[in-house]
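# Descriptive analysis of the structure
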Amino acid sequence: MILKMKKVNLLFYISLIFLSFCSQPAREPEEVRIRLAADPENLNPVSYTKADALQIINLIFQALLTVDLADNTIKPALADALPVIARHDSVTHFTYRLREEASWADGSPVTAKDVAFTLKVMKAPLLHNEQLKPQVAFIQDIVLDAADAKKFTLVCQGFTPEMQLLTGDFFILPAYLFDPKKLLDSYSVTDFTDDLSRLENDTKLKTFATWFNSPDFNRSAALLKGSAGYELENWTTAQYVTLKRKTDWWGNNLRQPVSYVTANPTRISFQIIPDNTTALLALKNKQIDILDNIPAAEFTNLKNNKAVTETYALYTPDAFDLVYAGLNTRQPKFGDKQTRQAIAHLLDINSFIKISQQSYASPTVGPVPPSVKTYYNNGLTPVSFAPAKATQLLTSAGWRITPEGWFRTVNGEKQHLTINLIFRAGNTAFENSALIFQQAAAKAGIPVNVQAIEGSVVSQQVQAHTFDMFFRTLTGNPFFFNFKPLFHTSYSEQGGSNATGFGTTESDRLLDEFIVAESEEKKAALLKRLQAILQEEAAFISLYYQKDRIAIRNKYENLKISGLSPNYDVSAFKIKN
Amino acid sequence: MLGFFIKRLLYALPSLWLIVTLIFILSRLLPGSFASENILHSQSESYYSKSDKSAKQQAYQNYLLRTGQHLPLFYFSVTANPEPDTLYKVYPESERLHLQKLAWQYGNWPLVTAYYKNLQRINPTSETKPALEMLRKAVDGKAILSALADLKKAAPYSSTVQELEKSADNLIRNGTGYTYLLPKLHWHGTQNQYHTWLAGLFTGDAGNSFRDSRPVQDIILEALLNTWIIVLISLLLSCLLAMELAILFLQRPFIKLKQLIMPVLFLLDSVPLFVLCLLLLVFFANPDFLQLFPAYGMGFFQTGNLSWTEQFINRLPFLILPILSLTLAYLPYITNQFYRAMLDADTSDYVRTARAKGLSHKKVIRLHIFRNAWLPMITVISDFIPALVAGAVITETIFAVPGMGSLLVASVQARDYPIIVAIVFVVALVRFVSHLLADAAYMLADPRIRLQR
Amino acid sequence: MHTLLQDLRHLWKLKPAFRIASVYLILWVVLSLFLPLLPLVYEPNSLDLNNIMQPPFQNNPSQPTHYLGTDAIGRDVLSNVLYGARTGFFIGVPVMLLASVIGVILGAAAGYFGDAKLKSSKASIFALWPLTLFSLYFYGLYIPAQAATLQMPVATASIGMLIFILAGAFILLRTLLNLIPSLKKQVTVPLDYIIVRLIEAVSSIPWLILVLMLASFLQPSVTMLAFILILTSWMGIARLARAEMLRIKALPYMEAATSLGLPTKRILLQHALPNMLGPILTSFTFGLASLLTIESTLSFLGIGIPPTVVSWGRLITGIRSDTSAWWLVVFPGIFLAATVLALQVFNYYLLALSANKKKA
């Protein structure tokens, strides 16, 4: 018995020691902690693959232009002003000048030569740049200004409105650090624009490729040093990535401070937590300061949780992510617009929003976000959920109901109205919406087969035009509304971006005119008409625009909450006094 | 002794090779790859396209070439007779599929390519476009002819169209169906992915991860360390506990205790591990209930240098929940097995003799039963290793521990094949080594076994 | 067979826990078979969009009560729990049955033939068997799969013809090859070695890894899942069957029979297989219990099962989008744990009995 007592005592002491360890670990002051859902894997500004990585790289490197999240507009970042655009017949010139003060981590200035180097790295063969290479394919050449080392002109093929952003949308790399042996100096950007096969055995290029493709370039703090206000301090795979503010950064010493070029918190650390439940507990534990992408139901719970609202502020900015349904107009059964309209009337959008988004979404008439007031067509109303109307439309489209479903005979071919609905597996919002649609359609006599499949298989089926109907998300923005690739019939071939096969002669004309339209009134008129046609044709059925759901520690101010990702500008955060 | 080990090694190698080869080939046969996911289908759809299709296609092919993934998979492949072995080089995939369909339908590859080349030569204009679109999908003779008729209406005097018509006619007339029922063997030689990988493996290079292009062995080692800490500690804990429990159960006075604990263990065994983890998380890392432990991870970044003991102490609170959940999950099975092994030993002759000698019950258990039961126990543990890893997958995902389990889930989702194959290899290897150790222990303990082998 | 029934009856009489477990299992089987006849107010897949995430036991005067509440899209938890039991049964039992058949055949063959007993002519080993296996792969797997991706109508009639011709060719080839004396020579097949390697190989990968890999690439469907599960759960039974066969072979009466030159095959069929039933039943129940857990774990990880299939795992997964909905975990969780527990208890007593018998 005495022996047993001893054991119990021992156990007691052990548990005491355990508990003393288990007090919450102390926090570094002035450190902002952000949850990441997955390891960024690769922080190289040319070969990164994940959106999580982009958010981090944005704090280390800078592009020519940036989006000011405070008012969702494009502003010059490394450049000192927006580009001067000069349109010629087949090419367009974009002339930039870099900020006078902009400098690299070693104090040397950022020059036009660095921009040229960046383009070479992005376009050269043999390098690990395949992810981003297609994005700069339209930039043919760079012309450096002979007199001004900071001035240069980008020569681009053709013209589209979004080129303005795309010419300034890639991170500028430090040539002194990335190419100390000046291996790429002897090439020009045009060398990498034409046929690349002759360069594949080029020894100099091969040497550079071995150096640049090494894993160090994806994660080494010594190499990943850019012109922005932070540098990589520590990265422990799948646990955390911490960034430290540079001690004497040029952006903080500007004579005229720029509100969107900032580096306020001394340390930013990204905590990697894959599981949502765990992330929420970490939030309640106050182990993280920022949590985004909160599941809708949980967000409502957080709102009602006093302990949370005392320390966290909750935001729901209007995002630019459109959830839409696509119908394959090439399928004979969906060939006429009445049938498609009938299906649109079976989509219970209000229930989708209520159930899968807990009302954190706004219904929309078309692909223009309701928050963009100038272009949104207020004259239209979103398609209503009306099964009776759907039945009526189907009947007038020639369908007849039988106990087995809807049938019609077109050109001697008997058609049966069935729908195979595909969407990306793992997306609960799609899944719930699909099941709601399935039930509504079943009541109307249309059998719907709901198929959750792997993301890449969805894109394959959509591009091969073998689908009936799909749910997808469209990422938008508030600056450019060039819908030509999405809706013009010239993009509707196999693998083209017009997957639904939508298009009338009028819509094609509208889309062509929009690109060259100059005045805002004209653009608005064109877009509003396009929205009306899209709704009428019901091939691309816009469902709703999502709202993002974010929680941020309320001790911070100057957050710049926005619907554009990453939804807040952490480099601007200040602690409230 | 050495001879025995070598013999065992030779015995186990075939299974090891078999499993790794199977996983290697299987993983690459499945649809979707890291490259196509990230380059071809990379951006989610957007208002304007950031890059056009052909540029992406070009980049994709460059990537495959650079990483050696353009090579055939294995030394040989068997396909239907009409397919050429160069078919995999055709891009984009939709075109490849169409070519394959034509090959199956008409069974004559030269005729198919002749037709296809003529088809590609035709300039798409706004008039010919619909007919061309049809032709790119048409497979059977009727469909091709009707689309051709449309095309001729759209471009009546074009010589390329006439050539196309000729080759189509030739194809339809001279093609033979059903030749796909005959198999054809293609020999690829050593220029294949499997050979490259296997050769690398022998020189200690397991390839690079697709995701961050780091060497596979570095990544695995990093993850293995984290997993090992958790798995080993929880295995040790559950073995110790199981042993104590089993010894308790064997003693008469504690029969009531046994009747109490056994059902609890059974119940514990019936709760799925992920439910157990969620329960622990919600109960012990939740400010709404009891906030004893941090919810996730393996510690935060600390500035300054720490000794390893300090590091360990910093980590400890993060480790407790994962360890606890795994210990609870392993405990019922191990206790049961240990108890049974000891029960067997308990009824054996020498224990009876020992009792007859007048040794006390406790001493009998500690000295004799245990000495004879620990061998079966080792087997139990080494048999248990795959289950340990399976458990780690779940625990690590929920508690955000960067170990083998979460690495595996992430690699599977990203189709990072080199990592997947390496993980399977490591797990199989560990199991094999532990079996070997168990055998060695048997031999040392009981020389009779040596004679039997 | 007879002894097994006797054993069960014996346990039933003596052990109350065994009785409870058996009653529960019988109820489970009956429920699974006759559930569609039960007058449930709500279908498991019908949505009640006005009452989503309703906690249990809340009375709503305007419509029938959701006794156990509803999930995120208004599906009735009670009917989902009941139908989930049915799904578990209809996936688990056939999968385990097929796995048992495969396991028993392979295990018993390995145990019976050992490394020395199976003899075959060189011709069969080097030509006929590889050829048969290859034809099975090519015509049974490759051609149909390719035809499906190419959307080609494969003429079944012609394939049938082809198989007929191939079978003829096979017989012809066999007689021809057997004419060559050097190929006719009999050699031993180390069947035991091959099968044991195979068991070792498959069981050295954790099942979860295998299922995770396969299920995340292939399109989720119940048949696919069942197929994967069969592939990963036959090894336990095979090992048992092999051990049992070895044990029986070494029994004195078998040795006597062999030395007397009696036909051993018949004795084996008469004695060995019935003796194997006990261990196989325990292995069966154990496998069934782990299958139920696997199914819900996969649903939780979001892999493998299509969203229209009713299952316990699907209900439990609902907790991921709203952690306050305790009823989505508790009710299916209780049933899941109870079913697994009942299977384990059943298993435990059976094992204990056979262990006792061995000693006696």
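Treat the numbers as computed from the prediction; the structure is a model and nothing was measured. (Residues numbered from 1 in each chain as written. Chains lettered and ligands numbered in written order. Predicted model: local features only at pLDDT ≥ 70, side-chain atom pairs only at ≥ 80, totals over all residues. Heavy atoms only, no water.)

Below, the discussion takes up the overall build of chain C. Counting secondary structure elements, chain C contains 14 helices and 2 strands. With the C-alpha coordinates aligned to their principal axes, the bounding extent of chain C is approximately 85 × 65 × 35 Å. Considering chain C as a whole, with its 360 residues, one finds that 48% of them fall into the buried category. Considering only residue pairs separated by 6 or more positions, chain C has 73% of its internal contacts joining residues 24 or more positions apart. (Helix = DSSP H or I, 4+ residues; strand = E, 2+ residues; numbered from the N terminus. Buried < 20%, exposed > 50% of the residue type's maximum accessible area, 1.4 Å probe, protein only. Contact = heavy atoms within 4.5 Å.)

Sites flagged by UniProt as "transmembrane region" (unreviewed entry) map to residues 228-250, 262-285, 316-334, 373-399 and 419-445 of chain B. With 100% helix and 0% strand, the stretch residues 316-334 of chain B has end C-alpha atoms that lie 25 Å from each other. (UniProt positions renumbered as here; feature names shortened; annotations may be inferred.)

Right, let's get into the packing of helix 16 (residues 385-399) of chain B against helix 17 (residues 404-414) of chain B. All names here are of chain B. As a packed pair, helix 16 and helix 17 sit with axes 7 Å apart at the nearest point and diverge in direction by 85°. With respect to helix 17, the element helix 16 is oriented roughly perpendicular. Taking contact as the criterion, the partners of Ala392, Val393, Glu396 and Thr397 in helix 16 are, on helix 17, Met404, Gly405, Ser406, Leu408 and Val409. (Axes fitted to C-alpha atoms, helices over the stretch in contact; angles between N-to-C directions. Parallel < 35°, antiparallel > 145°, perpendicular 65-115°, else oblique.)

Chain C puts 20 residues into the contact, and the matching count from chain A is 23 residues. In this assembly, chain C packs against chain A so that about 1800 Å² is buried in total across both faces, 53% of it on carbon and sulfur atoms. Here chain C is connected to chain A by 0 salt bridges. Our count for the chain C to chain A interface comes out at 2 residue pairs in polar contact (both at pLDDT 80 or more). Looking at the side of chain C that touches chain A residue by residue, the classes come out as 8 nonpolar, 9 polar and 3 charged. (Buried area = accessible area lost by both parts, 1.4 Å probe. Salt bridge = Lys/Arg side-chain N within 4 Å of Asp/Glu carboxyl O. Polar contact = N/O pair within 3.5 Å; in protein donor to acceptor, adjacent residues only side chain to side chain. Nonpolar A, V, L, I, M, F, W, Y, C, P; charged D, E, K, R; others polar.)

The next thing to look at is the sheet that holds strand 13 (residues 318-327) of chain A. Residue and element names in this part refer to chain A. Spatially, the 6 strands line up as an open sheet ordered 14-21-13-20-18-19, and their pairing is mixed. Taken across any chain shown, the strands that pair with only one partner, and hence form the sheet edges, are strand 14 (361-363) and strand 19 (448-453). Averaged over all neighbouring strand pairs, the angle between strand axes comes to 25°, with direction disregarded. The pairing of strand 13 with strand 21 (residues 540-547) spans 6 bridges and is antiparallel. Following the sheet pairing, Asp318 is matched in strand 21 by Lys547. In this fold helix 14 (residues 428-443) packs onto strand 13, strand 18 (419-424), strand 19, strand 20 (469-475) and strand 21, with an angle of close to 170° to the strand it touches most, strand 18. (Pairing = 2+ DSSP bridges.)

What follows deals with the pattern of salt bridges. All names here are of chain A. One pass over the full model with this rule turns up 29 salt bridges over all chains. Between Glu506 and Arg529 there is a salt bridge, with the nearest N and O atoms lying 2.7 Å from each other. With Glu506 in helix 17 (residues 505-516) and Arg529 in helix 18 (residues 520-537), the pair connects residues that are 23 residues apart, well separated along the chain. Residue Glu506 is classed as partly exposed on the basis of its relative accessible area of 26%.

Okay, the UniProt feature "transmembrane region" (unreviewed entry) in chain C next. Residues and elements named next belong to chain C. Mapped onto this numbering, the UniProt entry annotates "transmembrane region" (unreviewed entry) at residues 21-42, 89-113, 125-142, 154-173, 194-218, 224-241, 280-305 and 325-351. Taken as a whole, residues 21-42 contains 64% helix and 0% strand, while its terminal C-alpha atoms sit 29 Å from one another. In residues 89-113, the share of helix is 100% and the share of strand is 0%. The end C-alpha atoms are 35 Å apart.

Next up on the list: the environment of Ser562(A). All names here are of chain A. Relative to the elements of secondary structure, Ser562 occurs in the loop between strand 23 (556-557) and strand 24 (574-575). You can call Ser562 buried: its relative accessible area is 2%. Note: C-alpha distance between Ser562 and Phe320 (242 residues apart in sequence) is 9.9 Å. Apart from residues no more than four positions distant in its own chain, Ser562 is found in contact with Leu69, Asn72, Pro317 and Asn567.

Bringing the domain arrangement of chain C into the picture now. Split by domain assignment, chain C resolves into domain 1 (2-115 + 199-359) and domain 2 (119-188). Computed over C-alpha atoms only, the centres of domain 1 of chain C and domain 2 of chain C are separated by 36 Å. (Domains from an automatic or database assignment.)

With that settled, the discussion passes to the packing of helix 10 (residues 216-250) of chain B against helix 11 (residues 255-270) of chain B. All names here are of chain B. In contact at an axis separation of 9 Å, helix 10 and helix 11 are set at 140° when each is read in the N-to-C sense. Put simply, helix 10 runs oblique to helix 11. Both helix 10 and helix 11 take part in a crossing whose hand is left-handed. Each of Leu245, Leu248 and Phe249 in helix 10 lies in contact with helix 11, whose residues at this interface are Leu257, Lys258, Ile261, Met262 and Leu265. Within the contact of helix 10 with helix 11, the residues separate by chemical class into 7 nonpolar, no polar and 1 charged. (Left-handed = near helix turned anticlockwise from the far one by under 90°.)

Here we take up empty space enclosed by the protein. Using the criterion set out here, one finds 9 cavities of 30 Å³ or more in the structure. Counted as a void, the largest cavity has a volume near 100 Å³. Together, 13 residues line the largest cavity, and Val365(A), Val383(A), Gln535(A), Ile541(A) and Ser542(A) are the ones closest to its centre. With 3 residues, strand 21 of chain A is the single largest residue contributor to the lining of the largest cavity. Looking at the lining of the largest cavity residue by residue, the classes come out as 9 nonpolar, 4 polar and no charged. In this structure, the second largest cavity occupies an estimated 80 Å³ of space. For the second largest cavity, the full set of lining residues is Leu224(B), Thr227(B), Trp228(B), Ile385(B), Val389(B), Ala392(B), Met404(B), Val426(B), Val427(B) and Val430(B). Classifying every residue of the lining of the second largest cavity gives 9 nonpolar, 1 polar and no charged. (1 Å grid on protein atoms, 1.4 Å probe; cavity = no way out; pocket = protein on both sides within 12 Å on 5 of 7 lines; lining within 4 Å. Points joined across faces, edges and corners; volume = space filled by probe spheres on them.)

A separate point is unusual backbone geometry. All names here are of chain A. Between Ser565 and the following residue, Pro566, the backbone shows a cis peptide bond with an omega angle of 5°. Following the sequence through the fold, Pro566 ends up in the loop between strand 23 and strand 24. Phi is positive for Lys182, which is not a glycine, with a value near 55°. Positionally, Lys182 belongs in the loop between helix 5 (175-178) and helix 6 (203-212). Judged by its relative accessible area of 53%, Lys182 is exposed. Backbone geometry places Gln358, a non-glycine residue, at a positive phi of 50°. Tracing the sequence through the fold places Gln358 in the loop between helix 12 (349-357) and strand 14.

Moving on to the packing of aromatic side chains. Under the counting rule described, the total for this entry stands at 48 aromatic pairs over all chains. Where Tyr75(B) meets Tyr194(B), the ring centres are 6.1 Å apart and the plane angle is 80°; that geometry is what we call edge-to-face. Of the two residues, Tyr75(B) sits in the loop between helix 3 (53-66) and strand 1 (76-80) while Tyr194(B) sits in helix 9 (residues 193-202), which places them 119 residues apart along the sequence. Among the residues examined, Tyr194(B) registers a relative accessible area of 2% and is labelled buried. Between Phe18(C) and Tyr349(C), the ring centres sit 6.2 Å apart and the planes meet at 85°, which makes this aromatic pair edge-to-face. One end of the pair, Phe18(C), is in helix 2 (residues 16-34); the other, Tyr349(C), is in helix 14 (residues 327-359), and 331 residues separate them in sequence. Pair check on accessibility: Phe18(C) and Tyr349(C) agree, each one buried. Clustering of aromatic rings is evident, with ring pairs tying together Tyr324(A), Tyr375(A), Phe467(A), Phe470(A), Phe481(A), Phe483(A), Phe487(A), Phe502(A) and Phe540(A). Over the ring of Phe407(A) we find Lys414(A); its NZ or CZ atom is 4.7 Å from the centre of that ring. (Phe/Tyr/Trp six-rings, centres within 6.5 Å; stacked < 30°, edge-to-face > 60°. Lys NZ or Arg CZ within 6 Å of the ring centre and 35° of its normal.)

In this section: the sheet that holds strand 15 (residues 400-402) of chain A. Hydrogen bonding along the main chain pairs the strands of a sheet, whether they run parallel or antiparallel. All names here are of chain A. Reading across the sheet, the 3 strands line up as 15-16-17 and stay open at both edges, with antiparallel pairing between neighbours. Looking at the sheet topology across the chains shown, the edges are occupied by strand 15 and strand 17 (413-416). Across this sheet, the average inter-strand angle for adjacent strands is 35°, counted without regard to direction. Relative to strand 16 (residues 405-410), strand 15 runs antiparallel, the two sharing 3 bridges. Within the sheet, the bridge partner assigned to Arg400 lies in strand 16 and is Phe407.

Residues and elements named next belong to chain C. A grouping of Ile26, Val29, Val30, Leu33, Phe34, Leu37 and Phe90 is seen on the molecular surface, where their side chains present a nonpolar patch of about 660 Å² in accessible area. Ranked by residue count, the leading element in the nonpolar patch is helix 2, at 5 residues. The topology assignment puts Phe90 in helix 3 (residues 77-113). (Patch = residues over 30% accessible without salt bridge, like charges linked within 9 Å, V, L, I, M, F, W, Y side chains within 5 Å. Areas by Shrake-Rupley, 256 points an atom, 1.4 Å probe, with all protein chains shown as cover.)

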